[in-house]
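Summary of the model geometry
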Amino acid sequence: MEDRGSGPIGAEEVQRVLDQHRWSRRRFLQVAGVGGAALSLSGLLAACRGDEGGGDGNDGGPTGAAVKIGYVSPVSGPLAPFGEADEYILGGVRDAFADGLTIAGQTRPIEIITKDSQSSPDQAATVAIELITDDQIDLMVVASTPETTNPVSGQCEANGVPCISTVAPWQPWFIGQQQDPTDPESWVPFTYAYHFFWGLEDIEQVFLDMWETISTNKTVGGLFPNDGDGNAWGDPALGFPSFFDPKGYTIVDPGRYENGTQDFTAQISAYKEAGAEILTGVPIPPDFTNFWNQANQQGFVPKIASVGKALLFPPAVEALGDLGEGMSTEVWWTPTHPFSSSLTETSAGDLGAGYTEETGRQWTQPLGFVHALFEVAADVLQRTSDVNADAIVESIAATSLDTIVGHIEWTGEPFPNVAKTALVGGQWKPGEEFDYDLVVVTNNALPDVPIAGELEPIPGSA
């Protein structure tokens, strides 16, 4: 009788074993390092178990097949500032994972596979599918704006892959993916997709805290693009108008504009006609640079400009030159936050300083949240009972972790798939080492973050 454990096996037998172990041929060939060579059944089974060339597993190193984490973020295109610090963060995370993680009683190697969304929702969905079907990842993590998080989360939900996302307000992430975003009664929780970040209610309160420190006529120009963030912020029932109108503020909303718009004369004219002394909105960085330069040229200089997304990053403010002074924005994370990493024990201060020392660039807010994304991923994997979707999702839902951005826990509020983090308010002021420093000016929601200055009117405003 033929020994099927040592001799060559046919294609049908290969496929049977691959199917049994839920492996694709492509994944097997990558791990086993074989091409058209004849395979033995014992060799095939060893590769599928992940013990090829791995010894007896008693040497203390990682054993078994790698646990694969897919990561999608925008590192090119107009949203690239969100991904600017990715390379630095990933280097540190890969070092932390170098000896593997103990998962379900076994030390397993960890492989991180990265993809660039190119700032495009379509591309984000495409690379998510590649990670799911070609790379056969075990866990997806994704960061930065609904244009990236939503299509990736959506593909994971559709394909039964656990997903953790961040750096997008929870409303455009959760509500924006509902079948009918206008009908709260119809909203349903997700099975595989989980998210941590703040919500519109948090940024609205932070902006109000800042605005109340300066005397204005409470007329606010709203600069809302036709994208996930802009539609959420400008929504009359769920966005800024519903929060600020009862507090005596008037939002002047000229309507949605397309990302990439070159001429903002219509918006500027509407704000000037209404006498707006405050500007808010959520434009992408290059659009705000165009808008703000045109606004100054056309004589619109409000007392306050509190803008999300575009004013988060040092290069975007530096691009405005002298016109960058006095811009204000929400602050999710700084090196002065009193938190440390659960993965590396690095403090927020050391993370920011290390980034500047290695890159020569100023710290940026996604540093903390992208690092925290991998903290949560590591914690989830180390608590899971098995490397399968259901077990990993169960572990995500049970998360209660102190991270470099604060405590992360899915408590069921406001929705089972959403965990909230806190915000403070900041203003860009002239710096010493760099052109501008983001200075914390309000901290009502997170008093442990030290205030370093007061909100001041924009230079040249009436």
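1. A closer look at the packing of aromatic side chains
Counted by the stated rule, this structure contains 33 aromatic pairs. Here Tyr 71 and Phe 374 contribute two aromatic rings whose centre-to-centre distance is 5.4 Å and whose plane-to-plane angle is 70 degrees, an arrangement assigned as edge-to-face. Taken together, the positions of Tyr 71 in strand β1 (residues 67-73) and Phe 374 in helix α15 (residues 366-383) put the pair 303 residues apart, joining distant regions of the chain. With respect to class, Tyr 71 is no different from Phe 374; both count as buried. Here the aromatic residues Phe 207, Trp 211, Phe 224, Trp 233, Phe 240, Phe 243, Phe 244 and Tyr 249 are joined through ring pairs into a cluster of three or more. Over the aromatic face of Phe 243 sits the side chain of Lys 247, whose NZ or CZ is 4.0 Å from the ring centroid.

2. Quick notes on the confidence of the model for the protein
Residues at a pLDDT of 70 or more form 87% of the protein, whose mean pLDDT is 89. Within the model, pLDDT remains below 50 along residues 1-9, and this stretch shows 18 contacts once partners closer than five positions in the same chain are excluded. In the predicted structure, residues 17-59 sits below a pLDDT of 50 and forms 64 contacts with residues beyond four places in sequence or in another chain.

3. Description of the packing of α15 against helix α16 (residues 389-397)
Angle between the axes and distance between the axes are the two parameters that describe a pair of packed helices. The geometry of α15 relative to α16 is characterised by a closest axis approach of 8 Å and an angle of 120 degrees between their N-to-C directions. What the angle tells us is that α15 and α16 run oblique. Every pair of crossing elements has a handedness; the one defined by α15 and α16 is right-handed. Contacts between α15 and α16 involve Val 380, Leu 381 and Arg 383 from the former and Ile 392, Ser 395 and Ile 396 from the latter. Of the residues contributing to the contact of α15 with α16, the split by class is 4 nonpolar, 1 polar and 1 charged.

4. Comments concerning the nonpolar core
Counting residues in each nonpolar core, the largest one holds 106 residues, and the members touching the most others are Ile 164, Phe 196, Leu 279, Phe 288, Phe 291 and Trp 292. Not counting residues up to four positions away in its chain, the partners in contact with Trp 292 are Leu 279, Pro 302, Ala 305, Leu 320, Leu 323, Met 327 and Ile 458. The next biggest cluster of nonpolar side chains, apart from the first, holds 14 residues, and it includes Ile 132, Ile 137, Met 140 and Val 142.

5. A look at the packing of helix α14 (residues 348-359) against α15
Closest axis-to-axis distance for the α14/α15 pair is 10 Å, and the angle between their directions is 110 degrees. By the angle between their directions, the pair α14 and α15 is classed as roughly perpendicular. The crossing of α14 and α15 is right-handed. Contacts between α14 and α15 involve Leu 351, Gly 352 and Tyr 355 from the former and Leu 367, Gly 368 and His 371 from the latter.

6. Some words on the environment of Glu 273
Among the structural elements, Glu 273 can be located in helix α11 (residues 265-274). For Glu 273, a relative accessible area of 73% corresponds to the exposed category. For the pair Glu 273 and Val 252, spaced 21 residues apart in sequence, the C-alpha to C-alpha distance is 10.0 Å.

7. A closer look at the sheet that holds strand β6 (residues 163-166)
Strand pairs in the sheet, formed through backbone hydrogen bonds, run parallel or antiparallel to each other. In spatial order, the strands read β4-β1-β5-β6-β7-β15; together these 6 strands make up an open sheet with parallel pairing. Lying at the two open borders of the sheet, with one neighbouring strand each, are β4 (110-116) and β15 (418-420). Here the strands of the sheet are splayed against their neighbours by 20 degrees on average, with no regard to which way each runs. Sheet analysis places β1 next to β4, joined by 7 bridges and oriented parallel. Its bridge partner being in β4, Gly 70 is matched across the sheet by Ile 113. Packed onto the sheet, α15 meets β1, β4, β5 (139-143), β6 and β7 (193-197) and runs at close to 165 degrees relative to β5.

8. What to know about the environment of Val 405
Here Val 405 is to be found in the loop between β13 (400-403) and β14 (406-409). Val 405 sits in the buried class, given a relative accessible area of 6%. Once the C-alpha coordinates of Val 405 and Trp 333 are considered, the two residues, 72 residues apart in sequence, prove to be 6.4 Å apart.

9. A word on the side chain of Asn 150
Mapped onto the secondary structure, Asn 150 falls in helix α6 (residues 146-159). For Asn 150, a relative accessible area of 14% translates into the label buried. Polar contacts involving the side chain of Asn 150 include one to the side chain of Thr 149, which spans 3.1 Å. Beyond its immediate chain neighbours, meaning those up to four positions away, Asn 150 contacts Pro 172, Trp 173, Gly 176 and Gln 177.

10. Re α15
For α15, which comprises 18 residues, the first-to-last C-alpha distance of 26 Å matches the rise-based estimate of 26 Å (1.5 Å per residue) to within 8%. Burial within α15 is extensive, with 16 of its 18 residues counted as buried.

11. A closer look at the side chain of Thr 145
Relative to the helices and strands, Thr 145 is located in the loop between β5 and α6. Exposure remark for Thr 145: the relative accessible area of 1% places this residue in the buried category. In contact with Thr 145, other than residues within four places in its own chain, are Leu 79, Phe 82, Val 167, Ala 168 and Lys 309.

Each value, and the rule that gives it
- Residues numbered from 1 in each chain as written.
- Predicted model: local features only at pLDDT ≥ 70, side-chain atom pairs only at ≥ 80, totals over all residues.
- Heavy atoms only, no water.
- Phe/Tyr/Trp six-rings, centres within 6.5 Å; stacked < 30°, edge-to-face > 60°.
- Helix = DSSP H or I, 4+ residues; strand = E, 2+ residues; numbered from the N terminus.
- Buried < 20%, exposed > 50% of the residue type's maximum accessible area, 1.4 Å probe, protein only.
- Lys NZ or Arg CZ within 6 Å of the ring centre and 35° of its normal.
- pLDDT = per-residue confidence, 0-100.
- Contact = heavy atoms within 4.5 Å.
- Axes fitted to C-alpha atoms, helices over the stretch in contact; angles between N-to-C directions.
- Parallel < 35°, antiparallel > 145°, perpendicular 65-115°, else oblique.
- Left-handed = near helix turned anticlockwise from the far one by under 90°.
- Nonpolar A, V, L, I, M, F, W, Y, C, P; charged D, E, K, R; others polar.
- Core = buried A, V, L, I, M, F, W, Y, C linked by side-chain atoms within 4.5 Å.
- Pairing = 2+ DSSP bridges.
- Polar contact = N/O pair within 3.5 Å; in protein donor to acceptor, adjacent residues only side chain to side chain.
- Expected span 1.5 Å × (residues − 1).

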